[in-house]
Amino acid sequence: MNGPAHPARRTDGAARDHMANTRTFLAWLRTSVTLIALGFVVARFGLFLRALPATAGSAGAGPVGISAFVGVALVLAGVVLTVLAVERFLTARRRIDEGAFVVNVRLEMFAGIAVFAAGLALAAYLVLTR
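Residues numbered from 1 in each chain as written. Predicted model: local features only at pLDDT ≥ 70, side-chain atom pairs only at ≥ 80, totals over all residues. Heavy atoms only, no water.

Engineer: Explain the nonpolar core to me, and be specific about the residues and the numbers.
Structural biologist: Membership of the largest hydrophobic core comes to 14 residues, with the highest contact counts inside it found for Trp28, Leu35, Leu74, Leu81, Ala85 and Leu107. For this core, the secondary-structure elements that each account for two or more residues are helix H1 (14-56), helix H2 (66-98) and helix H3 (106-128). For this core, the element with the highest residue contribution is H2, accounting for 6 residues. Excluding residues within four positions of it along the chain, Leu107 makes contact with Trp28, Leu81, Leu84, Ala85 and Arg88. (Core = buried A, V, L, I, M, F, W, Y, C linked by side-chain atoms within 4.5 Å. Buried < 20%, exposed > 50% of the residue type's maximum accessible area, 1.4 Å probe, protein only. Helix = DSSP H or I, 4+ residues; strand = E, 2+ residues; numbered from the N terminus. Contact = heavy atoms within 4.5 Å.)

Given below as structure tokens:
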């Protein structure tokens, strides 16, 4: 067993860094899937609200068109977040191997801004459709 070290058995910390990078990547993917699912639910909820008055015998459906816009925006934010997560994962992996890893918070900033914008849009939607 005096041969070259197996990559998973390195003692220089790179293996741990790669595993942490993978865990972070998977967390971003879970966040992306959640945004996409939320967007789908919001968009489909608008269709449900439009169909509801027809089944209840009401005349108007009200201003529910914004739900489709907000839903599609959330889905697209999830897709963009997935692309950024892949790019970040690959860049971090390369930099860990080079020994030149530098923390970059661009992805976190995008996610924070996307969640902020989605929250404002959903709050506006709730106010407008009361």
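Engineer: How would you sum up a nonpolar patch on the surface? Please name residues and give values.
Structural biologist: A cluster of nonpolar side chains, contributed by Phe101, Val103, Val105, Met109 and Ile113, occupies part of the molecular surface with about 520 Å² of accessible area. With respect to the helices and strands, the residue Val103 is situated in the loop between H2 and H3. Owing to a relative accessible area of 64%, Val103 belongs among the exposed residues under this scheme. (Patch = residues over 30% accessible without salt bridge, like charges linked within 9 Å, V, L, I, M, F, W, Y side chains within 5 Å. Areas by Shrake-Rupley, 256 points an atom, 1.4 Å probe, with all protein chains shown as cover. Salt bridge = Lys/Arg side-chain N within 4 Å of Asp/Glu carboxyl O.)

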